[in-house]
Amino acid sequence: GSYKYPLNGSRLMTDLMEGRHVLSIEVTDLAGNFQLTISVFYVDLTPPFLEIVAPEVGSMASGTSVEVLLSCNDSMSGVRDIRYILNGGQEVQVGTNITFIVTGLGPGDNWIEVMASDIAGNVARSIVTLLLDSAAPTILDHGPKGQNLPVGATVFVLFSEPMDKGSVFFGFPAPRRSGRRWR
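This text gives an overview of the structure that appears in the document. (Residues numbered from 1 in each chain as written. Predicted model: local features only at pLDDT ≥ 70, side-chain atom pairs only at ≥ 80, totals over all residues. Heavy atoms only, no water.)

**Here we look at the pattern of salt bridges**
- Counted according to the given criterion, the structure contains 5 salt bridges.
- Here Arg-83 makes a salt bridge to Asp-81, at a shortest N to O gap of 2.8 Å.
- What makes Asp-81 buried here is its relative accessible area of 14%.
- Ionic pairing is found between Arg-83 and Glu-91, a salt bridge with its closest N-O pair at 3.2 Å. (Salt bridge = Lys/Arg side-chain N within 4 Å of Asp/Glu carboxyl O. Buried < 20%, exposed > 50% of the residue type's maximum accessible area, 1.4 Å probe, protein only.)

What follows is the structure, given as structure tokens:
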């Protein structure tokens, strides 16, 4: 809508809705001279959209750094900056980059808090947790064991931690040459 306010000095406008506004200022002096000024501005009350695309929550890292990929935008005033905090430490500025490397992961659980601010000062936050596992797995037990095992004996391996089953390989050594042929 359109509002007219008599003005001597300044007026604080606190009841503006989010969106585009046009401010027109008319002044007339005692001699009847007239001046009109028009100003367009936006009220932005909504924080930017921020989503951590990678790494996924609960994922595992094997090194002390991880690449972070964001989806971040602000349709009103625009994204001013993006920053992150690793494990409650110092805030690190990354400009407006939606891909960046976080270094300094420690053994065990780590959390990365990402913040995005828009030009109006609204802030969005998102957190991802991940596990740094830099220790190689160990084989705790395996079988079958012994000699003269029955045909069809089950092969098993017990690891020190959950495994990527696609990464587990086993095989049998080639038979020794003893004058017999493998048939």
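**A closer look at the sheet that holds strand β6 (residues 79–86)**
- Ordered by their spatial adjacency, 5 strands build an open sheet running β4-β10-β9-β6-β7, and the pairing between neighbours is mixed. Edge positions in the sheet fall to β4 (59–61) and β7 (91–93), since each has one partner strand and no second. For this sheet the average axis-to-axis angle between neighbouring strands, irrespective of direction, equals 35°.
- Taken together, the 7 bridges between β6 and strand β9 (residues 108–118) define a ladder with antiparallel strand orientation. Looking at the pairing, Ile-82 lines up with Ala-116 of β9. (Pairing = 2+ DSSP bridges. Helix = DSSP H or I, 4+ residues; strand = E, 2+ residues; numbered from the N terminus. Axes fitted to C-alpha atoms, helices over the stretch in contact; angles between N-to-C directions.)

**Remarks on unusual backbone geometry**
- That bond from Ala-54 to Pro-55 is cis: its omega, 0°, falls within 30 degrees of zero.
- Within the element layout of this structure, Pro-55 appears in the loop between β3 (49–54) and β4.
- With phi around 50°, Asn-87 is a residue other than glycine that occupies positive phi space.
- One can find Asn-87 in the loop between β6 and β7.

**Quick notes on the sheet that holds β3**
- Spatially, 3 strands are ordered β3-β5-β8 in an open sheet, and the strand pairing comes out antiparallel. The open sheet terminates on both sides in strands that have one partner only, identified here as β3 and β8 (99–103). Across the sheet, the mean angle separating the axes of adjacent strands is 35° when strand polarity is ignored.
- Bridge count between strand β5 (residues 65–73) and β8: 5 bridges; the pairing is antiparallel. By the bridge assignment for β8, Leu-69 is matched with Thr-99.

**A short note on the nonpolar core**
- Among the nonpolar cores identified, the biggest contains 21 residues, and Phe-100, Ile-112 and Val-114 are the most heavily contacted of them.
- Taken together, the elements giving at least two residues each to this core come down to β3, β5, β6, β8, β9 and β10 (123–132).
- With sequence-adjacent residues up to four places away left out, Phe-100 is seen in contact with Val-66, Glu-67, Val-68, Leu-70, Ile-82, Tyr-84, Val-94 and Val-114. (Core = buried A, V, L, I, M, F, W, Y, C linked by side-chain atoms within 4.5 Å. Contact = heavy atoms within 4.5 Å.)

**Some remarks on the environment of Thr-99**
- Looking at the element boundaries, Thr-99 is found in strand β8.
- Assessed through its relative accessible area of 37%, Thr-99 is described here as partly exposed.
- Excluding its chain neighbours within four sequence positions, the residues that come into contact with Thr-99 are Glu-67, Val-68 and Leu-69.

**Digging into a nonpolar patch on the surface**
- Among the surface-exposed residues, Val-22, Phe-34, Leu-36, Ile-38, Val-40, Tyr-42 and Met-76 lie close enough to one another that they form a single nonpolar patch of about 690 Å² accessible area.
- As for its placement among the helices and strands, Val-40 is situated in strand β2 (residues 34–43).
- Accessibility expressed as a relative area gives 42% for Val-40, which makes it partly exposed. (Patch = residues over 30% accessible without salt bridge, like charges linked within 9 Å, V, L, I, M, F, W, Y side chains within 5 Å. Areas by Shrake-Rupley, 256 points an atom, 1.4 Å probe, with all protein chains shown as cover.)

**Some words on the side chain of Ser-126**
- Checked against the element boundaries, Ser-126 lands in strand β10.
- Not counting chain neighbours up to four residues away, the residues in contact with Ser-126 comprise Leu-50, Ile-52, Ile-112, Glu-113 and Val-114.

**Topic: the packing of aromatic side chains**
- Considering all chains together, one arrives at 1 aromatic pair under this definition.
- On the basis of an interplanar angle of 10° and a centroid distance of 5.3 Å, the ring pair of Tyr-84 and Phe-100 is categorised as stacked. Of this pair, Tyr-84 sits in strand β6 while Phe-100 sits in strand β8; the two residues are 16 residues apart in sequence, bridging distant segments of the chain.
- For Tyr-84, a relative accessible area of 7% translates into the label buried. (Phe/Tyr/Trp six-rings, centres within 6.5 Å; stacked < 30°, edge-to-face > 60°.)

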